[in-house]
Protein chains: 2
Amino acid sequence: MQMKYDDSSDEAFEALREQIAEDYEGLSKRLKLIADFSLQDPSAIALNTAASLGEEIGVAPSALVRFAKHFGFSGFSEMQAIFRDHLQVSSTSYKERIHALAESGATRDTGEMTDRFIEAGIASLRDLQHSISPEHIETAAKLMADARIVHILAQKRTFTAATYLAYNLSRLDVPANLLDGLGGTLEQQMVTVSPEDTVVAISFNPSAGETVEAFERARDIGARTIVITDLARAPFIHADSWFQISEASVDGFRSLNATISLALILAIRAGTMCAEMNTENS
Amino acid sequence: MQMKYDDSSDEAFEALREQIAEDYEGLSKRLKLIADFSLQDPSAIALNTAASLGEEIGVAPSALVRFAKHFGFSGFSEMQAIFRDHLQVSSTSYKERIHALAESGATRDTGEMTDRFIEAGIASLRDLQHSISPEHIETAAKLMADARIVHILAQKRTFTAATYLAYNLSRLDVPANLLDGLGGTLEQQMVTVSPEDTVVAISFNPSAGETVEAFERARDIGARTIVITDLARAPFIHADSWFQISEASVDGFRSLNATISLALILAIRAGTMCAEMNTENS
DNA sequence: GTCAACATGAAATATTTATTCTAAAAATAA
DNA sequence: TTATTTTTAGAATAAATATTTCATGTTGAC
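Residues numbered from 1 in each chain as written. Chains lettered and ligands numbered in written order. Predicted model: local features only at pLDDT ≥ 70, side-chain atom pairs only at ≥ 80, totals over all residues. Heavy atoms only, no water.

An unreviewed UniProt entry lists chain A under the name Transcriptional regulator, RpiR family, from Celeribacter halophilus.

Structure representation (structure tokens):
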């Protein structure tokens, strides 16, 4: 059971695509060119003006207007809105999606709530898929694989993700240490950090002051730093490698799906790198 | 290796992001609002007009122009172009990733691996959606809401999910206690369990013997029991409420997405029940 | 408190962009 | 071929959008 807003905009896009394909043979020469292009590169339709699209496709701007009108829109702009919505839904902004859901107010209905959280989780994972690059992962994994010990900074909110990263790194024989500030202060735990180490900070807004301090301390010591955050800001952007992830939140509860998935992927890549290095050396 | 053109436009985007994060503290109040938004939802910047963005963020359109100028652009439009390019680039590079055409060895593997894990995570969540019933959640949530304290049994593999459940219950004023077996034995920690309590066991195959013992001990004491497991069998099927979840696994690494999502949903439902009970009683 | 410097939003203006219109070019049919 | 219809491109117009300006509000230093 998906939500209405999302469904409708994405359905509109799918319906349009189908209709373009269906009407294709009945279109004039220029309109066929536009149809080809719109099916092949819909995001270009969403992101450019009629004039520049016309130039790229090789037709006049007015041809695009005629194209839109052929499919029942009032003009190019109205059709373009469908393409834009699709792009927004499929890449990042589930924010509106969640927002619209929250407004339906049926928080009481457990089944509906379940759906909302699951949809939010899926949206987070889809966003992760689009927003992280293999190069970033390689860089971060290498920092971890090369480290004497990987320390993971955990504040309350992100403690769960930190335990997961630590657990998986350990399983893969990458030395990992959780700096949880438990049974004492982070300050005390930081003495184990050396310049040969890598410190991973997982920090969600609002950041715990302790995490920020510990992160800066790690940099002072000369350790490598990796940051996973939902809002890239000083001092975290000075990290050797950083990931910005946007987790969907429902009623103030932030999903953790993207964060733990990233943690798993990083751990595995670091683990395989480490294993490769060891076999080479022996 | 991507095309040069794509690289450069994406670099421009990355550079801008970094500069926004770096200059953040020096920005005025409105400009900070815009900075937050632009970092969190860049595709919205790409796809909307200055006026509509202004409304969503809560600033005047001219503030967006000022924001752009602060970062050296001639105006909003010029900055928006960076965001648009990024969106176009990232969607095409994603396409390339799927088709795995022109990427070098390790990077291609990493991209592929990332996709597999994310798809596995989504599959797990979809499965969760179909396999759990609102009635089960209601039952389990009620057991937790009625409890004096909710104890959560954590073995190594599921420690992460247990911390997440404990954290969210606490946030919602449901008394929660993590039985982690740290700094001693589970046996010792179990003395705090009373017949008015509820014990949640999260157990993946192969179950740690300690968890099984602790679970049976909890039943002997007379506490209510809830089990989250990937393989329902004795003694867990004797629990007052149990959930069977199947997490997708890639290369032997099991996703945790369904488990933590279920944990979140249960915590929230228990939290709202608890809150309702308290307002009714007072 | 007073002043200066800066930040802000509303409205005026400029610019870009979409849309409509029309004459001419193709395509089609006789 | 010629008459008729459809398609097209470019210019004229309309609409949307960005930008500038300026009066007013805010902040911080003295």
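Asks: Just checking my understanding: could you explain the sheet that holds strand β5 (residues 241-244) of chain B for this structure?
Replies: Sheets are built from strands paired through backbone hydrogen bonds, the pairs being either parallel or antiparallel. Residue and element names in this part refer to chain B. An order of β2-β1-β3-β4-β5 is seen for the five strands of this open sheet, with the pairing classed as parallel. The open sheet has two edge strands with one neighbour each: β2 (176-179) and β5. When strand polarity is set aside, the average angle formed by the axes of neighbouring strands in this sheet is 15°. For strand β1 (residues 150-154) and strand β3 (residues 198-203), the ladder comprises five bridges, and the chain directions are parallel. From the neighbouring strand, His-151 faces β3, where its bridge partner is Val-199. Along the sheet, helix α9 (residues 159-171) contacts β1, β2 and β3; its crossing angle with β1, the most-contacted strand, is approximately 165°. This element, helix α11 (residues 209-221), spans β1, β3 and β4 (224-229) of the sheet and lies at about 155° to β4. (Pairing = 2+ DSSP bridges. Helix = DSSP H or I, 4+ residues; strand = E, 2+ residues; numbered from the N terminus. Axes fitted to C-alpha atoms, helices over the stretch in contact; angles between N-to-C directions. Contact = heavy atoms within 4.5 Å.)

Asks: How do you make sense of the pairing of strand β4 (residues 224-229) of chain A when you look at a structure like this?
Replies: In summary, the side chains of a regular strand alternate between the two faces of the sheet. All names here are of chain A. Along β4, five of the six residues are buried, which leaves the element largely enclosed by surrounding structure. Alignment of strand β3 (residues 198-203) against β4, held across six bridges, turns out to be parallel. Looking across to β4, one finds that Val-199 is bridged to Thr-225. Pairing of β4 with strand β5 (residues 241-244), which is carried by four bridges, proceeds in the parallel orientation. The partner of Ile-228 across the bridge, within β5, is Phe-243. (Buried < 20%, exposed > 50% of the residue type's maximum accessible area, 1.4 Å probe, protein only.)

Asks: What exactly am I supposed to notice about the interface of chain B and chain A here?
Replies: One widely used convention gives an interface's size as the accessible area the parts lose upon coming together. Contacts between chain B and chain A engage 67 residues on the former and 68 residues on the latter. When residues of chain B are sorted by the area they lose upon contact with chain A, B:Gln40, B:Leu47 and B:Phe253 head the list and together hold 10% of the total. For the interface between chain B and chain A, the tally reads two salt bridges. If you look at where chain B meets chain A, you find 13 residue pairs in polar contact (both at pLDDT 80 or more). Looking at the side of chain B that touches chain A residue by residue, the class counts come to 29 nonpolar, 19 polar and 19 charged. (Buried area = accessible area lost by both parts, 1.4 Å probe. Salt bridge = Lys/Arg side-chain N within 4 Å of Asp/Glu carboxyl O. Polar contact = N/O pair within 3.5 Å; in protein donor to acceptor, adjacent residues only side chain to side chain. Nonpolar A, V, L, I, M, F, W, Y, C, P; charged D, E, K, R; others polar.)

Asks: Looking at this structure, I do not really get the protein's contact with DNA strand D. What am I missing?
Replies: A:Ser28, A:Arg30, B:Ala50, B:Lys69 and B:Phe76 are the nearest of the 15 residues found near DNA strand D. The protein-proximal atoms of DNA strand D, defined as those within 4 Å of the protein, are 81% sugar or phosphate. Side-chain polar atom of A:Ser28 to a phosphate oxygen of DNA strand D: 2.6 Å apart, as the coordinates give it. Within the contact set of DNA strand D, a base oxygen lies 3.3 Å away from a side-chain nitrogen or oxygen of A:Ser62. Among the elements of the structure, α2 (29-40) and α5 (61-70) of chain A together with α4 (50-57), α5 (61-70) and α6 (76-99) of chain B are those that each provide at least two residues to the surface near DNA strand D. Per-element tally for the surface near DNA strand D: the top contributor is α5(B), with three residues. Grouping the amino acids of the surface near DNA strand D by side-chain chemistry returns five nonpolar, six polar and four charged. (Near = heavy atom within 4 Å.)

Asks: What should I look at first to understand the side chain of A:Thr160 in this one?
Replies: Along the chain, A:Thr160 turns up in helix α10 (residues 159-171). For A:Thr160, the side chain forms a polar contact with the side chain of B:Thr163, separated by 3.0 Å. Beyond its immediate sequence surroundings of up to four residues, A:Thr160 is in contact with A:Leu256, B:Thr160, B:Thr163 and B:Tyr164.

Asks: Looking at this model, I keep getting lost on the sheet that holds β3(A). Mind explaining?
Replies: All names here are of chain A. One open sheet accounts for five strands, arranged β2-β1-β3-β4-β5; its pairing is parallel. The strands lining the two open edges of the sheet, one partner per strand, are β2 (176-179) and β5. Geometrically, the sheet is characterised by an average inter-axis angle of 15° between neighbouring strands, direction not taken into account.

Asks: It is not clear to me how the nonpolar core should be interpreted in this structure. Could you clarify?
Replies: The nonpolar side chains of a soluble globular protein tend to be buried with one another. Ranked by internal contacts, the top residues of the largest apolar core, which has 98 residues, are A:Ile152, A:Leu169, A:Phe243, B:Ile152, B:Leu169 and B:Phe243. Once residues lying within four places of it in the same chain are set aside, the contact partners of B:Ile152 are B:Ala162, B:Leu165, B:Ala166, B:Leu169, B:Ala176, B:Asn177, B:Leu178, B:Leu179, B:Val200 and B:Ile202. A:Leu231, B:Tyr24, B:Leu64 and B:Ala68 belong to the second largest nonpolar core, which has 58 residues in total. (Core = buried A, V, L, I, M, F, W, Y, C linked by side-chain atoms within 4.5 Å.)

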